[in-house]
Amino acid sequence: MSGDTTTRPHAPFTAFGRAARELGMKRSEFELAVDLGRIRTVPDEGGGGRRVPRTELDRLRDAPGFPEALRRSVEAVGTAEGAAVMEVAPTRFTRLARLGLVVPVRFYLNRYRAVVWLYLAEELRQFAADEDNAPLLTGRTPRALRQQVAEGLDLRPRNWRGRRLGFLLRQADGPWQRAAAVASLLDAAHIAEIVQDPYDRSHLNRFRPGPPARGAPGSPAARLVEKIATADAPDEIDWLRADLLQALDEARAHQPAPRPSPKPQPLPEPKPQAHAVGCIPVPPRPTADPRPTLNEHPTSDAHPTANPRSSDRHRPRRRMSGLLGRLRRRST
């Protein structure tokens with residue numbers, strides 16, 4: 001009975017779902033905290049994703065202000081809430097976001113497939129508290145900035161991609177994973193042009209993270225998310241291509257991509273030996289066969305070395321002499 005009532009010790013690592021419950025966080029809050037580096041994770045040795053060490057959970061629970069301080073650090077708000085945090089109108093907040101002055105940390109699609117951007121409330125408070133940003137929060141926006149917005153400038157997707165790349169690189173466990181993180185922001189055509197070796201490309205795609213899951217694959221929502229997650233500006237593409245080339249060189253130097261083992265080559269046939277000039281080649285020794293063939297006759301026991309056909313050599317001459325004798329007798 002004592003063995004049944006003994007409390008088993010906790011496993012040294014915990015899955016994301018259980019870790020979020022133990023920390024009193026929503027799953028979205030927990031994942032954002034992992035992306036931001038607020039919660040340390042380690043790769044699962046069994047290949048089942050990433051895990052949270054128990055020591056990390058103990059550290060977070062012992063931190064001052066837990067759990068409110070941790071949840072406050074990952075609070076994400078939309079446009080209306082963000083404008084209220086910065087005490088500006090929603091239109092001004094949207095203008096600042098399109099100009100890239102505030103950077104989104106998440107996005108999702110509503111039921112109308114409209115993109116809803118989310119921002120860290122903590123960063124918005126810091127932006128509003130900076131005195132250098134006061135002219136952007138009050139008064140008239142500079143004409144040059146208003147002109148850029150009127151021409152269609154919107155840096156929110158690009159800034160989100162840059163932030164997402166930072167998240168992926170923080171969780172990369174090796175050179176190939178870092179190269180795959182950079183490749184995740186490029187389309188397949190650019191990757192095929194840069195990584196021309198098929199084995200390198202296949203190995204890179206093993207670690208390449210896909211875009212955030214939104215809808216069924218191939219659906220309009222999934223295509224829209226993929227478009228947002230793929231670099232489109234020429235200078236951004238050039239920057240990512242250069243980073244991918246450098247990351248690939250480091251990955252190949254660290255560990256080349258696996259390749260199939262070469263097939264063993266057949267051994268060459270032995271060439272006939274050339275005989276020296278003036279030498280008579282030795283004929284191959286015939287194999288012993290006690291049975292006579294059709295063209296062979298057994299030798300006589302009395303004369304083992306005699307040739308039975310030796311007497312046939314004189315038969316044509318004897319016949320000719322007899323014929324000449326008969327002709328002479330007739331002529332006489």
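All values reported here derive from a predicted model rather than from experimental measurement.

**Some words on the overall build of the chain**
Link 1 in the chain: Helix and strand counts for the chain stand at 17 helices and six strands.
Link 2 in the chain: Burial analysis of the chain (332 residues in total) assigns 30% to the buried set.
Link 3 in the chain: A separation threshold of at least 6 residues defines the contact pool for the chain, and within that pool the share at least 24 residues apart is 68%.

**What about unusual backbone geometry?**
If a residue is not glycine, its phi is most likely negative; likewise, a peptide bond is most likely trans.
Link 1 in the chain: In this structure, Pro67 follows Phe66 across a cis peptide bond, with omega equal to 0 degrees.
Link 2 in the chain: In this structure, Pro67 sits in the loop between α4 (54–62) and α5 (68–73).
Link 3 in the chain: Even without being glycine, Glu87 reaches a positive phi, approximately 60 degrees.
Link 4 in the chain: Positive phi is not limited to glycine here, since Arg113 has a value of about 60 degrees.
Link 5 in the chain: Within the element layout of this structure, Arg113 appears in the loop between β5 (106–109) and β6 (115–120).

**Some thoughts on the pairing of β5**
Link 1 in the chain: By the alternation rule, side chains of β5 split into Phe107 and Leu109, which are all buried, and Arg106 and Tyr108, of which none is buried.
Link 2 in the chain: Judged from the four bridges that link them, β5 and β6 form a sheet pairing that is antiparallel. Bridging across to β6, Phe107 finds its partner in Trp117.
Link 3 in the chain: Counted along the chain from β5 to the antiparallel partner β6, the turn is five residues long, and its residue Arg113 has a positive phi close to 60 degrees.

**Concerning the sheet that holds β6**
Link 1 in the chain: One open sheet holds the three strands; their spatial order is β4-β6-β5, and the pairing between them is antiparallel. The open sheet is flanked by β4 (76–77) and β5, the only strands paired with a single partner.
Link 2 in the chain: Contacts from helix α15 (residues 220–228) reach β5 and β6, with the element oriented near 155 degrees to β5.

**A look at the packing of helix α11 (residues 156–171) against helix α12 (residues 175–183)**
Link 1 in the chain: Where α11 contacts α12, the axes come no closer than 9 Å and their chain directions differ by 165 degrees. Classed by the angle they form, the pair α11 and α12 counts as roughly antiparallel. Taken as a pair, α11 and α12 cross one another with a handedness that is right-handed. Together, Leu165, Leu168 and Leu169 of α11 and Arg178, Ala181 and Val182 of α12 make up the contact between the two elements.
Link 2 in the chain: Taken together, the residues of the contact of α11 with α12 sort by class into five nonpolar, no polar and one charged.

**Notes on helix α8 (residues 121–129)**
Link 1 in the chain: Of all the positions in α8, only Ala121, Leu124 and Phe127 are classed as buried. The buried residues of α8 occupy one face: seen down the axis, they fall within an arc of 115 degrees. More than 90 degrees from the buried face of α8, the exposed residues found are Gln126 and Ala129.
Link 2 in the chain: Buried residues belonging to α8 abut β4, α6 (79–86), α7 (90–98), β6 and α9 (134–137).

**A closer look at the pairing of β6**
Link 1 in the chain: Here two bridges tie β4 to β6, and the two strands are oriented antiparallel to one another. The residue bridging Val77 from the neighbouring strand is Tyr119, located in β6.

**Considerations on the environment of Leu101**
Link 1 in the chain: Within the fold, Leu101 resides in the loop between α7 and β5.
Link 2 in the chain: By relative accessible area, Leu101 is classed as partly exposed at 34%.
Link 3 in the chain: Dropping the residues within four chain positions of it, Leu101 is found in contact with Leu96, Phe127 and Leu136.

**Here we look at the packing of aromatic side chains**
Link 1 in the chain: With the rule as written, the count across this model stands at four aromatic pairs.
Link 2 in the chain: Members of the aromatic cluster, connected to one another through ring pairs, are Phe107, Trp117 and Trp160.

**Describing the pattern of salt bridges**
Link 1 in the chain: By the definition in use, this model includes 24 salt bridges.
Link 2 in the chain: With a closest N to O distance of 3.2 Å, Arg161 and Asp232 form a salt bridge. With Arg161 in helix α11 and Asp232 in the loop between α15 and α16 (234–254), the pair connects residues that are 71 residues apart, well separated along the chain.
Link 3 in the chain: Overall, the relative accessible area of 55% leaves Asp232 in the exposed class.
Link 4 in the chain: The shortest N-O distance in the salt bridge between Asp197 and Arg259 comes to 3.1 Å. Linking Asp197 in the loop between α13 (188–194) and α14 (198–207) with Arg259 in the loop between α16 and α17 (315–331), this pair joins segments that are 62 residues apart in sequence.
Link 5 in the chain: Given a relative accessible area of 26%, Asp197 falls into the partly exposed group.
Link 6 in the chain: Residues joined by salt bridges that share partners form a network here, namely Arg18, Glu22, Arg54, Asp58 and Arg61.

Reading the values: the criteria
- Residues numbered from 1 in each chain as written.
- Predicted model: local features only at pLDDT ≥ 70, side-chain atom pairs only at ≥ 80, totals over all residues.
- Heavy atoms only, no water.
- Helix = DSSP H or I, 4+ residues; strand = E, 2+ residues; numbered from the N terminus.
- Buried < 20%, exposed > 50% of the residue type's maximum accessible area, 1.4 Å probe, protein only.
- Contact = heavy atoms within 4.5 Å.
- Pairing = 2+ DSSP bridges.
- Axes fitted to C-alpha atoms, helices over the stretch in contact; angles between N-to-C directions.
- Parallel < 35°, antiparallel > 145°, perpendicular 65-115°, else oblique.
- Left-handed = near helix turned anticlockwise from the far one by under 90°.
- Nonpolar A, V, L, I, M, F, W, Y, C, P; charged D, E, K, R; others polar.
- Arc of directions from axis to C-beta.
- Phe/Tyr/Trp six-rings, centres within 6.5 Å; stacked < 30°, edge-to-face > 60°.
- Salt bridge = Lys/Arg side-chain N within 4 Å of Asp/Glu carboxyl O.

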